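Fold and geometry: a report
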Amino acid sequence: MKIIEEKVEIKFKKDDYLIHIGYGILDSLKYCLHLKDKKHVVIITDSLVYSLFYRLIRASFSLKSDVKLYKIILNNGEKYKSIKTVEIIFEFLLKNNIPRDAILVALGGGVVGDIVGFVSSCYKRGIKFIQIPTTLVSQVDSSVGGKNGINFSTGKNVIGTFHNPIHVLIDTKFIETLSKRDFLSGISEVIKYGIILDRNFFFWIKKNFRKILEIEKNTLNKVVKKCLRLKIKVISNDFKETKKNRILLNLGHTFAHAIETDLQYNNYEILHGEAVSIGILLASKISELIGELGSTDMKNILDLFKSMNLLTKFPRKVSINRFIYIMKQDKKNINGKLNLILPKKIGKAGIFTSLNDSLVREAIHFFQID
Ligand SMILES: NC(=O)c1ccc[n+]([C@@H]2O[C@H](COP(=O)([O-])OP(=O)(O)OC[C@H]3O[C@@H](n4cnc5c(N)ncnc54)[C@H](O)[C@@H]3O)[C@@H](O)[C@H]2O)c1
Ligand SMILES: [Zn+2]
C-alpha cells in the first residue's frame, strides 16, 4: 500500500508534540515510538470503534511481551461525554493500579478524545496520552490543541482542562468507514476554518466540494492538513484562549452548544457538527443583519452549506426561549446581552459585544422557513 505521509510539528514553549498525518499510516507500526518503553498501555475507545479497528491498532502497536495492555470500551455518543464515564475510567485505572508512567491511548472521535484528554490531565495529577482520532471532527479539530472537557446538564464542555497529548496519529483512511451523517458533521468544522481564517480555502472547498463528498483520498488529506495548519497557527499564539485569537475558532459554537444542551446531547436529534452548521449560519445571518457581512458572502456561505447537504434548518424541537436562555449562560456574555463571534467577511471573524437577543430571533426565523 502506498503511504502518503507528512509530519507536522507543533511547537509550544515546553510542550512540543508531533502530529503524523497520512492515509494508511497505522498499517505501519513505526509511529508508535512512545509505546516502546512503556510497561502499561491503556487503550480507551467506544464500542463502535472497538469493533471496527481494535484488532488493527492492537497489531500495529506490536508491543513487547512484558507490556501490560488494558482496554476500556465506552458506550458511544455525546450523552456519554459525562462525569459518570470519567468516574468509570478512574475506577478502572485505580482498580488495576495503573501507574503514573503508563500511557493512555484515545482511539475514536471527539467524544473519546475529549474524555481521555480530561482523564489524562487529572489522573494522578497528570498522565501521558496519545490521540488516534478516527472521525473527521476529531482529525481536523479536537485531537489537536489540548482542549478537553465533559458535558453537564446545564452546559456543554463546562468542565474541562487544557492538556496536550504527546503524539497525534491521524490516519485519514479511518474516514472511509464513517457514516455519511458523521462525515458531514466534520465538514461544518472544515468550512468553519475557511470562514474565520482563510477566504481562499473557503473557495477551494467550494470548487472541490464533490471530491470532498466522495472522500477522494488526496483531497481529504489536503483538507485535514490545511485545517490543522490553520488551527496550529492560531493556538501557537494563544494556547489558553487568553488573547483574542483562539476564541474566534468557536464561531457558531455558542449557538451549537445551546442546541446540543437543549436536546440533551441526544445524537439521534443532533450531532455536534450539525449544531455547528446551523450555528455558523445564525452567526452569519446576524452579521448580515447588523450590516457587517455582505449579502454576496452570506449567499456564498449558505450555498456551500446547501450544496454539501449540511443542516440549514433550525431544529424544530428546540424551544427558542430556552435556546436563548442557555446562550446567555455562555461565559462570553454579561448583563443579559450577547457577545458573539461573527464573520466580518469570508476569511475574517471578530467578537461583537452587547447584541440584543431580538437579532437571534430574527436570524432563527430566517432558517425556519422552507
Ligand atoms: N476538544 C476540542 O477542541 C473539540 C473540538 C471539536 C469538537 N470537540 C468535541 O468532539 C465531539 C464530537 O466529535 P465526533 O463528531 O468525532 O463524535 P463522536 O466521537 O461521537 O463520533 C461520532 C460517531 O462516529 C463513530 N466512529 C468513530 N470513528 C469511526 C470510524 N472511523 N468509522 C465509523 N464510525 C466511527 C463513533 O463511534 C460515534 O458513533 C463533541 O463532543 C465536541 O464537543 C472537541
Ligand atoms: Zn466544534
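Residues numbered from 1 in each chain as written. Chains lettered and ligands numbered in written order. Predicted model: local features only at pLDDT ≥ 70, side-chain atom pairs only at ≥ 80, totals over all residues. Heavy atoms only, no water.

Attention now moves to unusual backbone geometry. For Lys-124, which is not a glycine, the phi torsion comes out positive at approximately 50 degrees. Position of Lys-124 among the secondary structure elements: in the loop between helix 3 (110-122) and strand 6 (128-133). Under the relative-accessibility criterion, Lys-124 is labelled partly exposed at 39%. Phi is positive for Tyr-265, which is not a glycine, with a value near 55 degrees. Locating Tyr-265 in the fold gives a position in the loop between helix 9 (253-262) and helix 10 (272-289). (Helix = DSSP H or I, 4+ residues; strand = E, 2+ residues; numbered from the N terminus. Buried < 20%, exposed > 50% of the residue type's maximum accessible area, 1.4 Å probe, protein only.)

What the domain assignment lists for the chain is domain 1 (4-177) and domain 2 (180-366). Distance from the C-alpha centre of domain 1 to the C-alpha centre of domain 2: 26 Å. Contacts between the two partners involve 33 residues from domain 1, matched on the other side by 34 residues from domain 2. For the pair domain 1 and domain 2, the summed buried area comes to about 3,100 Å², and 66% of that belongs to carbon and sulfur atoms. Contact with domain 2 buries area across many residues of domain 1, yet Leu-136, Val-140 and Lys-156 alone supply 20% of it, more than any other trio. At the junction of domain 1 and domain 2, the tally comes to four salt bridges. At the junction of domain 1 and domain 2, the tally comes to 14 residue pairs in polar contact (both at pLDDT 80 or more). Of all elements in the fold, only strand 1 (4-10), strand 2 (17-23), helix 4 (136-142), strand 7 (150-152) and strand 8 (155-159) reach the threshold of two or more residues within the side of domain 1 that touches domain 2. Here the side of domain 1 that touches domain 2 gets five residues from one element, more than from any other, and that element is helix 4. Here the side of domain 1 that touches domain 2 is composed, by residue class, of 15 nonpolar, twelve polar and six charged. (Domains from an automatic or database assignment. Contact = heavy atoms within 4.5 Å. Buried area = accessible area lost by both parts, 1.4 Å probe. Salt bridge = Lys/Arg side-chain N within 4 Å of Asp/Glu carboxyl O. Polar contact = N/O pair within 3.5 Å; in protein donor to acceptor, adjacent residues only side chain to side chain. Nonpolar A, V, L, I, M, F, W, Y, C, P; charged D, E, K, R; others polar.)

Within the largest apolar cluster, 78 residues are counted, with the highest numbers of intra-cluster contacts made by Leu-136, Phe-183, Ile-191, Met-308 and Phe-323. Tallying contributions element by element places helix 8 (residues 217-237) first for this core, with nine residues. Shared between two domains, this core holds at least three residues of each, these being domain 1 (4-177) and domain 2 (180-366). (Core = buried A, V, L, I, M, F, W, Y, C linked by side-chain atoms within 4.5 Å.)

Turning to the packing of aromatic side chains, a few remarks are in order. Applying the stated criterion across every chain yields a total of ten aromatic pairs. Centre to centre, the rings of Tyr-50 and Tyr-54 are 4.9 Å apart; their planes meet at 35 degrees, and the pair counts as tilted. Here Tyr-50 and its partner Tyr-54 are both found in helix 1 (residues 47-61), four residues apart, which amounts to about one turn of the helix. Given the relative accessible area of 27%, Tyr-50 is considered partly exposed. Ring geometry for Phe-366 versus Phe-367: centroids 5.0 Å apart, planes at 85 degrees, classification edge-to-face. With a relative accessible area of 36%, Phe-366 lands in the partly exposed category. The exposure class of Phe-367 is buried, given its relative accessible area of 2%. Taken together, Phe-255, Phe-314 and Phe-323 form an aromatic cluster joined through their ring pairs. (Phe/Tyr/Trp six-rings, centres within 6.5 Å; stacked < 30°, edge-to-face > 60°.)

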